Each structure stands twice: as C-alpha cells, then as structure tokens.
Amino acid sequence: MIVTPQSNRLHVCIFGETNSGKSALFNALIESDVSIVSDISGTTTDFVQKSMELLPFGPIVLVDTAGLNDNTILGEKRLEKTEKLLDRTDFAIYTVDANKINESTKEYEEFKQKLDSKNIPHLIVFTKSDIILEKTLQNGTYISIFDEESIKKLKEIISNKLLEIKKDSDSMIGDLLSPKSTVLMVVPIDSSAPKGRLILPQVQLIRDCLDNSITCYVTTEKELSEALENIKKIDLVVTDSQVFKLVADIVPKSVKLTSFSILMARQKGDIDILLNGIDAIKHLKDGDKVLIAETCTHNRTHEDIGHVKIPNALKKTTGCNLEFDFSHGRDYPENLEQYTLIIHCGGCMITEREFKSRISYAKNANIPITNYGLVLAHCSGILERSVEILKESRELNA
C-alpha cells in the first residue's frame, strides 16, 4: 500500500443545483477533466470521486454529485444516492451560479438544514463569476474556472477549513501503550487471507506502532508459541478475531490481549455503544433476526468470518435458531427495526463519519449494535480480557 486509503481521507463533496458549475469546479480542483461538463441538465448521472492531495492540508477525497433539482427520469434515484453521500461527507461545498443567486436561495436554505442536522460544515461557492450579471455580491467565495487565481484561493480556503475541523485521527494504539513498548501481532494465513499482502487493519496497526515508537512483531497462530518464547518482553498481543480463542489459550494471562477489529472499532466508532450491544446476545431467542454488516466485498470461503464463523459462534453460544441477513460494501438496510441485533465489522473500509452514522442509525432505531471482534471475544469467554487494556487507558486518562 503506497497511498492513503480513501477510508482514512476526509471526504469533500460538491453539491448544488443542476448546471451550477459543480463538475467544472471538480475538474478545476483536481486539474483534470474527469467529470463531464455540459449545459444539458442531468449530465452527472452518479457521483464521481477522486483521491487527491490538497496542500497544505493533505490527502482528501473530492466528490462531484448529481444536481439537487435533477428532474430527469432517473433524477429521483440519483438524489437518493446524493442524500446517502451525506453520511460520509466531512466538508461540503455548495455551488451556486453567480448569475442566479436570487433564484437559488430557497434550495440552498433547504439543503443547509440537512447539512446542519448532520453537523457537516460547508462553504458556499458562487461559480461563473467571469460572466456575472448581477453586481450585488453576497457572502461566499466567488470563482471562475478560467481564473486560476480564484481556484488557487478556493483551494487555500478549503484547506484551512479542513485544518480547523480535522483533529488528528485517534491512534489505534498510541494512547494505549507508551513509547518503547512491544506489540506482537497474530495474522492467520488461511483461505480468506489476500495472497501476497496484509489486510488494511494489519497494515495500519504496523504503521501506527512505527509512528508511536512502538516495536512490533508479526507472526501467525502456528508460530505464536515459539514467538512468545523468543521475545523477551511483550506488552500487548493483537490478533485477528477469527483465531481469538486459540490465541487466548496460548498467550499467558499476564500478557494483555485484544484484536484488530476491536482497536479499529474503538478508533472509528463508539466503543461504549458497541460494548453495550453485547448484552443483546444474552436475550436472543429463536427466530430473532440478526444483521451482519460488512463494508468490504471480498470473495467468501468456508472460513469466512462474517458469513460462517460469527453465525456459528452465535448459534453455539445462545443455543437459538437465529435468522441472519448480510449487507456488504456501502449497502446498509434502511429498515433497521426488523433486526434484534446488528453486528458490524471493524469498519476499515469506510470513514469515521460513515461508521458513526451507521451506529447513530441503529441507536435512533433502538437496535443494539456491536462488532465482530467483541462478539467473537464474548462467544470465546474472553471479552473482559480483550477490552482490559482499553479500560485501563481510560482510567489513566480520566
């Protein structure tokens, strides 16, 4: 992995009415003709996104969207996708044709209410300022794609806005261990492991250790016993959730233990809500419907953690005949009330805002939600041990 993954980049999304200059602005900001620009309404049929470096801020994802007043045949479906995009929008740019300022006030105010309801900061940008007919200027930033200085100024404004709202991402491990600590990572190599590479949480944790002056070792569960004998000091073992029980039986109880999934959920989600969701497992009964939500779309095998291991573990732990639904990628059911419990993956493929939006939807629907690592730790009888280091850190920082 040589670039920052999209799930770790702030998403800057461009909204506005049709023909307000969204796509032209998108192309100007990325300095490439990616979005189609036309006077015909509804040219942007789906959102277009591009990873880029916005200096001096850093890596972002810039997104161009369909017009909010798209009245074409597929307009309604396009608007639905645009609305869903708000769940992963960290900063919004609302474009208005500078020659239609007075005509766009109502639409802007309506969309601003949606942004405010989700606490999404935004900037209003008046486009086509080179052919502006009305000389009465309003608050906002005026740009023309033919004026390089105006685009350069806009980039600076956006960058400064992002610096204001961006707190350093919570470290996966930097606040749990002190510098010079030692971490041993257990990475199974089975039929579900991607050939020739590590999965994102494993890569991120290695980098997180390096950033925080923490020594890290990597082994498989098969060589774990030997690794424990050879490494003199181990402050924490982090394992893939699917071998939680096996690893827990091998690692001495004097050594702290957790999983990649738990660390990832703590970093991006709300660990307290996810922990509380475990209580719902104790009350499951025959016929209850459980949603297993996974944000990646990998090929599944007989060892798949979401489709095979978690359902089997839940059935064994509860003794109940449960019904399971599965969602993948960015597909997430709107009718959450049909479920008794939601079990989410670690969320490595989605942004922090999107993960927290999903947790919020579950909370608003009064449906318990938890995650892969916590469920497998509970079913293995090692939940308290797996979150011990999190609780200790909280007590120290209190």
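Residues numbered from 1 in each chain as written. Predicted model: local features only at pLDDT ≥ 70, side-chain atom pairs only at ≥ 80, totals over all residues. Heavy atoms only, no water.

### So, the sheet that holds strand E10 (residues 256-259)
Logical step 1: One open sheet holds the four strands; their spatial order is E8-E7-E9-E10, and the pairing between them is parallel. Each having just a single partner strand, strand E8 (215-219) and E10 make up the two edges of the open sheet. Taking each pair of neighbouring strands and ignoring which way they run, the sheet shows an average axis angle of 25°.
Logical step 2: On the sheet, helix H8 (residues 260-268) packs against strand E7 (182-186), strand E9 (236-239) and E10 and is oriented at approximately 70° with respect to E10. (Pairing = 2+ DSSP bridges. Helix = DSSP H or I, 4+ residues; strand = E, 2+ residues; numbered from the N terminus. Axes fitted to C-alpha atoms, helices over the stretch in contact; angles between N-to-C directions. Contact = heavy atoms within 4.5 Å.)

### Overview of the pairing of strand E1 (residues 10-16)
Logical step 1: Taken across its seven residues, E1 has seven buried, putting it largely inside the fold.
Logical step 2: Residues Leu10, Val12, Ile14 and Gly16 point to one face of E1 and His11, Cys13 and Phe15 to the other, with burial holding for every one of them.
Logical step 3: Here E1 runs beside strand E3 (residues 58-64); their pairing, made up of five bridges, is parallel. Across the sheet, the residue bridging to histidine 11 is valine 61, located in E3.
Logical step 4: Here five bridges tie E1 to strand E4 (residues 91-97), and the two strands are oriented parallel to one another. In the sheet register, valine 12 faces E4, and the bridge partner there is phenylalanine 91. (Buried < 20%, exposed > 50% of the residue type's maximum accessible area, 1.4 Å probe, protein only.)

### A word on unusual backbone geometry
Logical step 1: Residue proline 56 is reached from leucine 55 by a cis peptide bond, and omega for that bond is 5°.
Logical step 2: Relative to the assigned elements, proline 56 resides in the loop between strand E2 (48-54) and E3.
Logical step 3: The phi dihedral of lysine 128 falls on the positive side, at around 60°, and the residue is not glycine.
Logical step 4: Along the chain, lysine 128 falls in the loop between strand E5 (122-127) and strand E6 (141-142).
Logical step 5: Although it is not a glycine, asparagine 366 sits at a positive phi angle of roughly 60°.
Logical step 6: Relative to the helices and strands, asparagine 366 resides in the loop between helix H11 (352-364) and strand E14 (369-371).

### Section: the packing of aromatic side chains
Centre-to-centre distance and the angle between the planes together describe a pair of aromatic rings.
Logical step 1: Enumeration over the complete set of coordinates arrives at four aromatic pairs.
Logical step 2: With 4.9 Å between their ring centres and 50° between their planes, phenylalanine 15 and phenylalanine 111 make a pair best called tilted. With a gap of 96 residues between them, phenylalanine 15 in strand E1 and phenylalanine 111 in helix H3 (residues 105-117) connect regions that are remote in the sequence.
Logical step 3: Taking the relative accessible area as the measure of exposure, phenylalanine 111 reaches 5% and is therefore buried.
Logical step 4: Linked through ring pairs, Phe15, Tyr94, Tyr108 and Phe111 together constitute an aromatic cluster. (Phe/Tyr/Trp six-rings, centres within 6.5 Å; stacked < 30°, edge-to-face > 60°.)

### A word on the packing of helix H1 (residues 22-30) against helix H4 (residues 148-165)
A packed helix pair is summarised by two numbers, namely the angle formed by the two axes and the spacing between the axes.
Logical step 1: Look at H1 against H4: their axes get within 10 Å of each other, and the N-to-C directions meet at 85°. What the angle tells us is that H1 and H4 run roughly perpendicular. Here Leu25, Ala28 and Leu29 of H1 lie close against H4, whose contacting residues are Ile151, Leu154, Lys155 and Ile158.
Logical step 2: Partitioned by chemical class, the residues of the contact of H1 with H4 number six nonpolar, no polar and one charged. (Parallel < 35°, antiparallel > 145°, perpendicular 65-115°, else oblique. Nonpolar A, V, L, I, M, F, W, Y, C, P; charged D, E, K, R; others polar.)

### Examining the packing of H8 against H11
Logical step 1: Between H8 and H11, the least distance of the axes is 9 Å, while the angle of their chain directions is 90°. In terms of axis orientation, H8 runs roughly perpendicular to H11. The residues of H11 that touch H8, namely those facing Ala265, Gln267 and Lys268, are Glu352, Phe355 and Lys356.
Logical step 2: Among the residues forming the contact of H8 with H11, the class breakdown is two nonpolar, one polar and three charged.

### Quick notes on the confidence of the model for the protein chain
Logical step 1: Mean pLDDT for the protein chain: 87, with 86% of residues reaching 70 or above.
Logical step 2: Averaged pLDDT values for the elements of the protein chain fall to 74 in helix H14 (residues 388-397) and rise to 98 in E7. (pLDDT = per-residue confidence, 0-100.)

### So, H8
Logical step 1: For H8, a buried count of nine out of nine residues is recorded, marking the element as mostly surrounded by other parts of the structure.
Logical step 2: Turning to H8, its buried residues number three or more, namely Phe260, Ser261, Ile262, Leu263, Met264, Ala265, Arg266, Gln267 and Lys268.

### Some words on the side chain of threonine 258
Logical step 1: You can see threonine 258 is positioned in strand E10.
Logical step 2: Owing to a relative accessible area of 0%, threonine 258 belongs among the buried residues under this scheme.
Logical step 3: When residues no more than four places from it in sequence are discounted, the contact partners of threonine 258 are Leu236, Val237, Val238, Thr239, Phe244, Leu263 and Ser386.

### With respect to H4
Helical periodicity: at 3.6 residues per turn, an α-helix aligns residues three or four positions apart in one direction.
Logical step 1: Its 18 residues place the ends of H4 26 Å apart at the C-alpha level, agreeing with the 26 Å of an ideal helix rising 1.5 Å per residue.
Logical step 2: Within the span of H4, buried status applies to Ser150, Ile151, Leu154, Lys155, Ile158, Ser159 and Leu162.
Logical step 3: At the N-terminal end of H4, a side-chain oxygen is found 3.1 Å from the backbone nitrogen of glutamate 149, two or three residues along, and the residue is aspartate 147. (Expected span 1.5 Å × (residues − 1). Polar contact = N/O pair within 3.5 Å; in protein donor to acceptor, adjacent residues only side chain to side chain.)

### Observations regarding the pattern of salt bridges
Logical step 1: By the definition in use, this model includes 20 salt bridges.
Logical step 2: The salt bridge partner of arginine 88 is glutamate 354, with a shortest N-O separation of 4.0 Å. Linking arginine 88 in the loop between helix H2 (75-85) and E4 with glutamate 354 in helix H11, this pair joins segments that are 266 residues apart in sequence.
Logical step 3: Taking relative accessible area as the criterion, arginine 88 reaches 7% and is therefore assigned buried.
Logical step 4: In this structure, aspartate 116 and lysine 112 form a salt bridge, with 2.9 Å as the shortest nitrogen-oxygen distance. With aspartate 116 and lysine 112 both in helix H3 and four residues apart, this pair spans about one turn of that helix. (Salt bridge = Lys/Arg side-chain N within 4 Å of Asp/Glu carboxyl O.)

### Some points on the nonpolar core
Logical step 1: Val183, Val237, Ile310, Leu314 and Ile343 are the most contacted members of the largest nonpolar core, which totals 75 residues.
Logical step 2: Those residues in contact with isoleucine 310 that sit more than four places away from it in its chain are Ile292, Ile305, Ile343, Tyr372, Val375 and Leu376.
Logical step 3: In this structure, Leu10, Leu25, Ile30 and Leu54 belong to the second largest nonpolar core, which totals 22 residues. (Core = buried A, V, L, I, M, F, W, Y, C linked by side-chain atoms within 4.5 Å.)

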